[in-house]
Amino acid sequence: MSAEPVPDLPYARPYWDASDAQALLAALDSGMWTGGAAVAEFERVLAELVGVPTVAVSSGTAAIFALLAGYPRRGAERRLLISPAINFAAGPASAQLLGWDVALCDVRAEDLTLCPDRLAELLAVLSGEYQQVVVLAMHYAGHTCDMTTLSELCRAHGAELIEDACHAIGGRYSDGTPVGSWPSSRAAFFSFHPTKPLATGEGGAVSSTDSELLGAVASFRNHNMAASPARDDDPARDDDLAPRPYQISRPGLNLRLSDLHAAVGVAQAARLPESQRLRAELAASYHERLAGHDWLRTVPPERRDGSAHHLFPVVFDLAALRLSKRELLDAFHGKGVRVQIHYTPLHRLDAFRVPERRRSPLPVTDSVFPGLVSLPLWRGMTESDQDRVLDVVAGLPRLAGRRVFS
Ligand SMILES: Cc1ncc(COP(=O)(O)O)c(C=O)c1O
């Protein structure tokens, strides 16, 4: 009789329990699958978690698109978004689609967040060319950027700061305050994709103390429809029909979160502190058990308090291991361990090959990318799951030896 195949170990997996199912059933039963009470409740819960008001939308991508679409112009013709070169496409893609230019900045080796030194150089060159410059700080893997230094740099160069906090819901800055509430950041946005520590299926949110900006996001997600009593002199009024109940002054889109997703989000949020504690334990165990290998480094080198621990990235020294990236990935996938890469650097993607002038030198990005891999990390992962990952890691040098000497 053949043995049962061992199921693959995913790099991320959503966690749910009976409270998610109950919440979902209640939302189904309410008959209000969109525009109901669950979205308002989710926004209230998120605001409590983040410490500032939030607006929920249909994804993290929807969040940054609505945020940039509603972003106040400084009477500006040319607008620029500066993104770390190691980032997901959502922010830069939204900026480009909305007519902004994009610049790419290197990350710092320690935690792969925006490098303040490279950012200072970019700002020195570009802030004179653009009337409006917005810096996108991305909290890579859940580890927060150096917000104090980034804020000072932005202030010094007349730039504005926003945060891609899609990896960092429930996390804390180094001063202990919740991610999303940094005072000199104009807004932060979140994703509730199933891989994230708080998952709703699809879902996202924007948080900001700028009520006008948050109002613009809320309006944009609903086609920018505003209630508008019909006027007698309205040429569009047709007495044979009901008077128009709304006005649209600028086009928006439907980027609403459904109540079904929001209800799951409320249940997930209640469990987030516990989920984060369990993620932190798994991260601590990885740090401890990977410490003996001098041919890899964890990102960051030690476990950080306050991190949301969304991902567990590792940079392997492929030269020391005498492995190609393909061989490295095959070693994991051959054993059913589904590692992931976060991310292909933006300047290697055709859509974001920005002109030289809009790129800082990228030595860290270019040097870490070949060996960069995210190991599985999710609530519900067992010790034996983690053993399985670590066994593959421990076997990598032998793999290289076999390849070279057999
Ligand atoms: C850093 C980052 N930004 C933006 C997004 C976009 O979020 P979503 O997938 O919810 O649209 C993600 C999600 O994968 C992300 O990880």
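Residues numbered from 1 in each chain as written. Predicted model: local features only at pLDDT ≥ 70, side-chain atom pairs only at ≥ 80, totals over all residues. Heavy atoms only, no water.

1. Quick look at the domain arrangement of the protein chain
No. 1: The domain boundaries assigned to the protein chain delineate domain 1 (18-270) and domain 2 (272-399).
No. 2: Summarising the inter-unit geometry, the C-alpha centres of domain 1 and domain 2 are found 27 Å apart.
No. 3: With 50 residues of domain 1 at the contact, the number on the domain 2 side is 35 residues.
No. 4: Regarding the contact of domain 1 and domain 2, the summed buried area is about 3400 Å², with carbon and sulfur atoms giving 59% of it.
No. 5: Where domain 1 touches domain 2, the interface holds four salt bridges.
No. 6: Residue classes in the side of domain 1 that touches domain 2 are distributed as 29 nonpolar, eleven polar and ten charged. (Domains from an automatic or database assignment. Contact = heavy atoms within 4.5 Å. Buried area = accessible area lost by both parts, 1.4 Å probe. Salt bridge = Lys/Arg side-chain N within 4 Å of Asp/Glu carboxyl O. Nonpolar A, V, L, I, M, F, W, Y, C, P; charged D, E, K, R; others polar.)

2. Observations regarding empty space enclosed by the protein
Any empty space left between the atoms is revealed when a probe the size of a water molecule rolls over them.
No. 1: Evaluation of the coordinates by the stated rule reveals one cavity of 30 Å³ or more.
No. 2: By volume, the largest cavity amounts to about 100 Å³.
No. 3: Lining the largest cavity are Arg13, Pro14, Tyr15, Pro194, Lys196, Pro197, Ala199, Gln268, Arg271, Ser275, Arg279 and Arg379.
No. 4: By residue class, the composition of the lining of the largest cavity is five nonpolar, two polar and five charged.
No. 5: The residues that make up the lining of the largest cavity include at least three from each of domain 1 (18-270) and domain 2 (272-399). (1 Å grid on protein atoms, 1.4 Å probe; cavity = no way out; pocket = protein on both sides within 12 Å on 5 of 7 lines; lining within 4 Å. Points joined across faces, edges and corners; volume = space filled by probe spheres on them.)

3. Structural notes on the packing of aromatic side chains
No. 1: For the coordinates displayed, the defined rule picks out seven aromatic pairs.
No. 2: Centre to centre, the rings of Tyr71 and Trp100 are 5.9 Å apart; their planes meet at 75°, and the pair counts as edge-to-face. Here the residue Tyr71 occupies a position in the loop between α3 (60-69) and β2 (79-84), and Trp100 occupies one in the loop between α4 (90-97) and β3 (101-105), the gap between them amounting to 29 residues. Pair check on accessibility: Tyr71 and Trp100 agree, each one buried.
No. 3: Cation over ring: Arg78 sits above Tyr130, and NZ or CZ is 4.4 Å from the ring centre.
No. 4: Over the ring of Tyr71 we find Arg186; its NZ or CZ atom is 5.4 Å from the centre of that ring. (Phe/Tyr/Trp six-rings, centres within 6.5 Å; stacked < 30°, edge-to-face > 60°. Helix = DSSP H or I, 4+ residues; strand = E, 2+ residues; numbered from the N terminus. Buried < 20%, exposed > 50% of the residue type's maximum accessible area, 1.4 Å probe, protein only. Lys NZ or Arg CZ within 6 Å of the ring centre and 35° of its normal.)

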